[in-house]
Amino acid sequence: MDTSKRKEAKMAITSIKNLKEFSTNNDRFEGAHTLCPGCAHSMIVRELMNCTDDNLVISSNTGCLEVSTAVYPFTSWDTSWIHIGFENAATSVTAAQVMHQVRKKKGTLKDSDAPVKFVAFGGDGSTFDIGFQWLSGAMERGHDFTYICLDNENYANTGGQRSSATPIGATTSTAQAGTHSYGKKEKKKDIVSIMAAHGSPYVAQLAPNKWKSMAKGFQKALETEGPCFINTVSPCCTEWKFDPKDTINITDLATDTLMFPIYEIIDSHELNILYRPKNLLKVEDYLGAQGRYKHLFKPENKHVIEQIQDGIDKNWEMLQRREEARI
Amino acid sequence: MAVKYDLNEREVWDGNFAASQALRQAQVDVVVAYPITPSTPIVENYGAYVANGYIDGEFVMVESEHAAMSGCIGASAAGGRVSTATSSQGFALMVEVLYQASGMRLPIVLNVVNRALASPLNVRGDHADMYLGRDSGWIQFGAFNAQEAYDLALCAFKVGENHDVRLPVMVHQDGFITSHTAQNCYPLTDEAAYNFIGDFVPVDDLLDFSRPVTYGAQTEEDWHFEHKAKQHKALMDSRSVIDDVFEEFEKLTGRKYNRVESYDMEDADVVIVGLGTTVETARVAAKQLREEGIKAGVVAIRCFRPFPFDLVREALEGAKAVAVTDRSAPGGAMGAFFNEVAAALYSTDTRPLVTNFIYGLGGRDFSIDEAKRIFREQQAHADAGHITTDIQQFSGLRGPHLGYFQTKRG
Amino acid sequence: MQDQNLRAGSNRGEKELGGELVGWDEVTQGIILTSFDGDASGIAHMKAEERNYSGFNSYTASVAAWRVRKPVFNIDVCIDCQNCWVWCPDSSIISRDKQMLGIDYDHCKGCEVCVEVCPTNPKSLLMFGENEDLETALSQWPEKKKKEK
């Protein structure tokens, strides 16, 4: 594995040897936010903030996370945080990072040596759709930051409209399943490949149920110099229609059916699969556990389930081949 | 360390070059920019300074104007001096972010080189973009020539960064007519210009880790009104700071700027109110007409946000007939400045006769002769004691006369 | 049995969401919110009860009213695996020095994720009615489930 492009970590890494060690970290994301009970966004944010002791400057696009964690007069963020609009978290945090460089050079920072990492959060709506250009620009410019997409496969904050991250066959309020439709017909954008194609030194797809690979992946992204992108599966009980208590169970199904394979790509060409299910499940197990796919179990929609399984199988085959070929 | 740039006492600069020099002298920490005609040379010149070592800061070329202003916000919140430039479509694209910048009370300086808005597509100078941003919550200055584009940019940093103000500031100049016309300019030395502005002192610094801050919280129906009211008050209160800064600038350079400029207004009967290069054209016309015995004067609203309601009244209440000229497609109403000026004059005892001219759209030339024609028409109103034409007219337009609404007074 | 006010800063959960409505002259400039009072350097190394949270931090607010059921923690059964800590969406599992201590009832929404991910048999966290008192709940703890043959 060629690590020449990844500089040695000067980051205050927290130990993730095991969960007990990891739990000795002090949360910097506070409760009494207004995210739905059981929301995976919060699990992911807590993991990010617990995987380092460094100062963090965080930006968020408009979305569930932003709208639930900073409503005047309360903020749930214990680090500096900025929200401008729906599109531009990547731009705002990278511009802050540039200002940091300038002020460090000019000596106008309060604490010039304080380590800091710059992180942007966006939902799938802002990442895949309305903020796509802004993310692409920030990636192309090569800023040193990490972008984490909280992928719940819809515009959850506004009531569950379709995004280009919504998978085939899911019902959303703007691509509904009905007598004349089985829901979304278009394929989900392969955001990880798109970001890798920008020449990012580190991209990954991670899941909160595999907390260790998620924490390690976050650490790798933070310590890798350059623009890093991580897509995280964030099951949404409200829009995927499952009981809030089952968030981790659903995530387990997502990773064990390989609907959400967990992998990383280093320097755009070195792919490593990070989780191989011991018992590979059929996609029906995953689809059947969520209300948004309920209609697919009607006989006339059976072909869609086959299409979904086929897509998963082909994708998994591709990932394995790339990993083997080290490309 | 930035390389020193030796300036002559008198330089020959166009408006774009003048603006870019002001940015260089202000030692902007981060410029986040995107090119658009006719403001492109501002960022190109700045790029040339960067490439040749004249800038200590960073220069980030982003992928759209919306991203440019978004980057300016992120960088400004991170506690440094920030500026950029744009026009027309780019301005329209970043309008959403303009409101966000002012709501967050960040002292960004935006150089707007005014250009018409599509459709149809046009790259020439008119004020459509300026008008689009009227309610965006920014302090706004109008520069009427290259010298002013330079001077007002320096003033903009000083005003916006004042801790009693903390608001973003726009400096407007006419696309092509000012931006691309070379004129004599008398710059300050690098040292004098920077010292006039002073060091940037951050407020609510994202990079102050001893005091984490949250920018951009949401406010619903129980909080939004109070925040916007507070912002409006800050804009209104900035007037005294602007006056102080203009006074200080006069001591430094001998050039005095006023939030409302009055030319030959001591005894004027007939007035043209204008912005941009129109002001100088109207002034020349007024001087020529004075020789014919017509007491003509010109009023320009130098700082039109916050709108100088009281000063506009003061400047115009002694006149008999006032023509307010709007260089922006009015979209089904009287011109915006006509509306604002007329509203101010409504609360006077004298209530001069006020008419509206739409002119110069898409870079259509506004000539001295046209200005004289308008003055003469005002004289006709003044003589008759009432408006003798339509209240709104198009000036300099080919084709049949286009005008709307007649007065009910007299 | 855990203390209902377990490891709390002095102002944890004292406010309702929404806050006290003040006038335009008292809202913050630019809607800025500060997370802490005083110097917050090194906050990552401080536990919640050691921090000086500002009145603007949601730590000082409570979402207890969201619950109709609450998780109850049984320290006798718990093996300190920290599953509940890592997966609680509301930072409401109080864990100190690798030991699970209990629930932050000011911030817990009763989502039941902690119960789902608890691996012990019987579980160390179970849901009870919101108004059930802890002692009664603990006395009702089920026995170890036998594996079905």
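Preceding block: the structure.
If you're wondering where the values come from, they're calculated on a predicted model, not measured in any experiment.

Conventions we followed
- Residues numbered from 1 in each chain as written.
- Chains lettered and ligands numbered in written order.
- Predicted model: local features only at pLDDT ≥ 70, side-chain atom pairs only at ≥ 80, totals over all residues.
- Axes fitted to C-alpha atoms, helices over the stretch in contact; angles between N-to-C directions.
- Helix = DSSP H or I, 4+ residues; strand = E, 2+ residues; numbered from the N terminus.
- Parallel < 35°, antiparallel > 145°, perpendicular 65-115°, else oblique.
- Left-handed = near helix turned anticlockwise from the far one by under 90°.
- Contact = placed C-beta atoms within 7 Å.
- Core = buried A, V, L, I, M, F, W, Y, C linked by C-beta atoms within 7 Å.
- Buried ≥ 20, exposed ≤ 12 C-beta atoms within 10 Å, placed from the backbone.
- Domains from an automatic or database assignment.
- Pairing = 2+ DSSP bridges.

A. Fine view of the packing of helix α4 (residues 89–106) of chain A against helix α3 (residues 65–77) of chain B. Two elements in contact, α4 of chain A and α3 of chain B, have axes separated by 7 Å at closest approach and are oriented at 50°. The orientation of α4 of chain A with respect to α3 of chain B, classified from their angle, is oblique. Considering the relative orientation of α4 of chain A and α3 of chain B, their crossing is right-handed. Residues T91, S92, V93, A95, A96, V98 and M99 of chain A of α4 of chain A lie in contact with α3 of chain B, whose contacting residues are A67, S70, G71, I73, G74, A75 and A77 of chain B.

B. Seen up close, the nonpolar core. All names here are of chain B. Counting residues in each nonpolar core, the largest one holds 267 residues, and the members touching the most others are V30, A153 and V271. Counting residues per element, this core draws most heavily on helix α7 (residues 146–161), at 10 residues. Residue-level mapping places this core at the junction of two domains, with at least three residues from each of domain 1 (11–253) and domain 2 (262–404). When sequence neighbours within four positions are dropped, the list of residues in contact with V271 reads G297, V298, V299, L316, A319, V322 and A323.

C. Structural view of the sheet that holds strand β2 (residues 33–34) of chain C. Strands sit in the order β12(A)-β11(A)-β9(A)-β10(A)-β6(A)-β5(A)-β1(A)-β4(A)-β9(B)-β2(C) across an open sheet of 10 strands; the sheet is mixed. Each of the sheet's edge strands pairs with one partner strand only, and the pair in question is β12 (270–273) of chain A together with β2 of chain C. Alignment of strand β1 (residues 55–60) of chain A against strand β4 (residues 80–83) of chain A, held across 4 bridges, turns out to be parallel. In the strand pairing of β4 of chain A, V57 of chain A is matched with S80 of chain A. Contacts between helix α8 (residues 211–223) of chain A and the sheet are confined to β5 (116–123), β6 (145–151), β9 (202–206), β10 (227–233) and β11 (263–266) of chain A, with β9 of chain A contributing the most and set at about 160° to the helix.

D. Fine view of the pairing of β6 of chain A. Residue and element names in this part refer to chain A. By the criterion of burial, β6 is predominantly enclosed, with 7 of the 7 residues buried. Side chains F145, Y147, C149 and D151 project from β6 onto one buried face, and the interleaved T146, I148 and L150 project onto a second face that is buried too. As paired strands, β5 and β6 are joined by 5 bridges and run parallel to one another. Looking at the pairing, V119 lines up with T146 of β6. Of the strand pairs in this sheet, β6 and β10 are connected by 7 bridges, and their pairing is parallel. Among the inter-strand pairings, I148 is bridged to a residue of β10, identified as I230.

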